[in-house]
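Chain by chain, the residues:
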Amino acid sequence: MKRFQDLRIVEIAGSAAGSYAAKLFADYGATVLRIEPPEGAPDLHEGEDWHGIGTTYAYLNTSKLRLPLNLHDEPARQQLNELLAAADVLIESSSPDPLTPITTQGAHQHLVRTQISPFGSFGPYSQFRSNGFTDDAIGGHLYVNGEPDREPIRRPGLHALYQAGVHAYIGTIAALWARDRTTKGQTVEVAHLDGLASLHQHTTTMWTQAGHIIRRVGNRQPGHWHPVGCYPCKDGYVHLALASGVKLADFLAAAGIGHLLDDPRFGDDHQRGAHKDEFDQALIPWLMQHTVDQIVEIGQSVFAPVGRVPTMLELLDDPHLAARDYWRTIEGESTLQLPRGPFHISGLEPDPSPPRASDLPESGGTSDTSEAWSGTPDLPESVSLDEPTTNGPLTG
C-alpha cells in the first residue's frame, strides 16, 4: 500500500462519522480534500466558537484542505470528477438521513469508495433516518444503560458516529491493500447499526450461550460480580473492579477491613452478588474516609484493579498521557488543545493542524493544489490471482 503521505483522499462533507474517518487519514499524513457547500458545512459551528468555527468542527477537520463546491452545478460536478480521477479514496457519509452516493463504482475503477450511513444501502431500515439517540436505541445500548427503575439513558457525545468512522477507516485501509493486488477499488460500506451491534462485548453471547438477558443495573456490573463500578470517596470517585473474591480479599485486608468477608452474606462471589446493596453500605463509609490517592495506592500495593475516575480537567493533566505526548495544540488567536490521534505508529507521528482553505479554484483554472492532484494515482500492475478477487482484501 502507498505511504500515507502519498494518499489522496476526497471527502464529501456529510456526518461526523465521515469527518472522523477522513481525519485519521489527514492527521497521519494523507492529503485530504474536503468538499463543502459554498455557504459552509452544516457542522461549521458545532461546539464552542473558535475563530469563527466550532471547536468540534475544528477537531474533526484537522489537517484537511477545504474546497467549496456546489455539487448541484454541472461545472462543479465536472471538477469533482477530475479530482476523483486523481484520488485514491472517496469518503461519503450522511446522518441523520440515508446516504445518496454522489458517484457509482462504474466510474474511476481505481477508486476506493467509503460510504457511511445510519443503516447502510440495503435492508428494511436503509431508508430510515436516525440520530445519535436512536442509533443507541436500535443498537441495543440504550436498553442496558441507566438505573433499573428509571428510563434508559444514552451515552454522551458522538459515540455512534465515531465508532462508525473508525470502522470506515479500517475498512478503507483493507480495500487499499486489496487494490495493490487487483488495481481495482472496492466499495466499503459502514452502517452505524452494524458497528454498534458488534460492540456489545458479552451482551449477546450471555444470551446465546447462557440464556441470560442483561438489563439495566445502574452503576454496577451485571451478574453476581461485585464490587465492580464507580464509588464515591473523600475527594472524588474511584473505580473498583474487584469481581474476583481473591483480589477483593487482598484489597480489603490491605485496607484493614478484611473482616467484611466474615459476614456470610459476603463470603463468596454468589452470596455477595445477591447482597450488593448491603455490601456497598458496609464498604462506602470506609471509602468516604479516604482520598482517591490513598485508595489507589492500597489497590496497587496488592495488584488489585483499582483506579481513579478523573474529571476532564484532570485528564488533560494526566501524567501517563503527557509522557506519551498525547495532547497537541493547534494555534490561532487562542490555543486549542486536542488529542493527537488514537494510535501511535513508529516513524509516523500524527501532527494535527488547523483546517485550511485549498487554493483550488471553485471551478476550472489551475493552482498549486490542482497541479498536485493532476494525473492518476500510481498503481501496481495487475497481478494474476488463482482465486477470485471477491475473496476479500486480507486473502493471502
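Remember, it's a predicted structure, so these values are computed and weren't measured experimentally.

(A) Layout of the overall build of the chain. Counting secondary structure elements, the chain contains 14 helices and 14 strands. Projected onto its principal axes, the C-alpha coordinates of the chain cover approximately 80 × 50 × 40 Å. Out of the 396 residues in the chain, the part that is buried amounts to 43%. Surface exposure of the chain reaches about 20200 Å², of which carbon and sulfur atoms provide 54%. Distance between charge centres in the chain, computed from 29 positive and 50 negative side chains, equals 4 Å.

(B) Representation of the side chain of Thr62 in the model. By the element assignment, Thr62 lies in the loop between helix H2 (55–60) and strand E5 (65–68). At 2.8 Å, the side chain of Thr62 and the side chain of Lys23 are in polar contact. With near-sequence residues (within four places) excluded, Thr62 lies in contact with Lys23, Ala26, Asp27, Ile330, Leu338, Pro352, Ser353 and Pro355.

(C) Structural detail: a nonpolar patch on the surface. Taken together, the side chains of Tyr125, Phe128 and Ile138 make up a nonpolar region of the molecular surface, amounting to roughly 280 Å² of accessible area. Structurally, Ile138 can be placed in helix H4 (residues 132–138).

(D) Fine view of the packing of aromatic side chains. Inspection of the entire model under this criterion finds 11 aromatic pairs. Judged by centre distance (4.9 Å) and plane angle (80°), the rings of Tyr326 and Trp327 are edge-to-face. One aromatic cluster is present, built from ring pairs that chain together Phe4, Phe25, Tyr28, Tyr169 and Phe343. Note that Lys23 overlies the ring of Tyr59, its terminal NZ or CZ placed 4.2 Å from the centroid. Cation over ring: Arg216 sits above Tyr143, and NZ or CZ is 5.8 Å from the ring centre.

(E) Expanded view of the nonpolar core. Core analysis: the largest hydrophobic core is formed by 39 residues, its most contacted members being Phe4, Leu7, Ile9, Phe25, Ile91 and Ile116. Those elements that provide at least two residues to this core are helix H1 (16–27), H2, strand E6 (89–93), strand E7 (112–117), helix H5 (159–182), strand E8 (187–191) and strand E13 (335–339). For this core, the element with the highest residue contribution is H1, accounting for 8 residues.

(F) A look at the confidence of the model for the chain. Taken over all residues, the pLDDT of the chain has a mean of 89, while the share at 70 or more is 91%. The secondary structure element of the chain with the lowest average pLDDT is helix H14 (residues 368–372), at 55, and the one with the highest is strand E1 (residues 8–12), at 98. Counted against residues more than four places away or in other chains, residues 383–396, with its pLDDT under 50, gives 12 contacts.

(G) Highlighting the side chain of His141. Structurally, the position occupied by His141 is in the loop between H4 and H5. Take His141: its relative accessible area is 7%, and that puts it in the buried class. The residues touching His141, leaving out its near neighbours within four places in the chain, are Asp136, Arg155, Leu196, Leu199 and His200.

(H) Quick look at the sheet that holds strand E10 (residues 236–241). Taken in spatial order, the 3 strands make up an open sheet running E9-E10-E11, and their pairing is antiparallel. Each edge of the open sheet carries a strand with a single partner, namely strand E9 (228–233) and strand E11 (306–308). Geometrically, the sheet is characterised by an average inter-axis angle of 25° between neighbouring strands, direction not taken into account. Bridging between E9 and E10 involves 6 bridges; their strand directions are antiparallel. Across the sheet, the residue bridging to Gly229 is Leu240, located in E10. In the packing of helix H10 (residues 276–287) onto the sheet, the strands contacted are E9 and E10, and the crossing angle to E9 comes to about 45°. Its contacts with the sheet put helix H11 (residues 292–301) on E9, E10 and E11, and the angle it makes with E11 is roughly 155°.

Rules of the game
- Residues numbered from 1 in each chain as written.
- Predicted model: local features only at pLDDT ≥ 70, side-chain atom pairs only at ≥ 80, totals over all residues.
- Heavy atoms only, no water.
- Helix = DSSP H or I, 4+ residues; strand = E, 2+ residues; numbered from the N terminus.
- Buried < 20%, exposed > 50% of the residue type's maximum accessible area, 1.4 Å probe, protein only.
- Areas by Shrake-Rupley, 256 points an atom, 1.4 Å probe, with all protein chains shown as cover.
- Lys, Arg positive; Asp, Glu negative; His and termini not counted.
- Charge placed at Lys NZ, Arg CZ, Asp CG, Glu CD.
- Polar contact = N/O pair within 3.5 Å; in protein donor to acceptor, adjacent residues only side chain to side chain.
- Contact = heavy atoms within 4.5 Å.
- Patch = residues over 30% accessible without salt bridge, like charges linked within 9 Å, V, L, I, M, F, W, Y side chains within 5 Å.
- Salt bridge = Lys/Arg side-chain N within 4 Å of Asp/Glu carboxyl O.
- Phe/Tyr/Trp six-rings, centres within 6.5 Å; stacked < 30°, edge-to-face > 60°.
- Lys NZ or Arg CZ within 6 Å of the ring centre and 35° of its normal.
- Core = buried A, V, L, I, M, F, W, Y, C linked by side-chain atoms within 4.5 Å.
- pLDDT = per-residue confidence, 0-100.
- Pairing = 2+ DSSP bridges.
- Axes fitted to C-alpha atoms, helices over the stretch in contact; angles between N-to-C directions.

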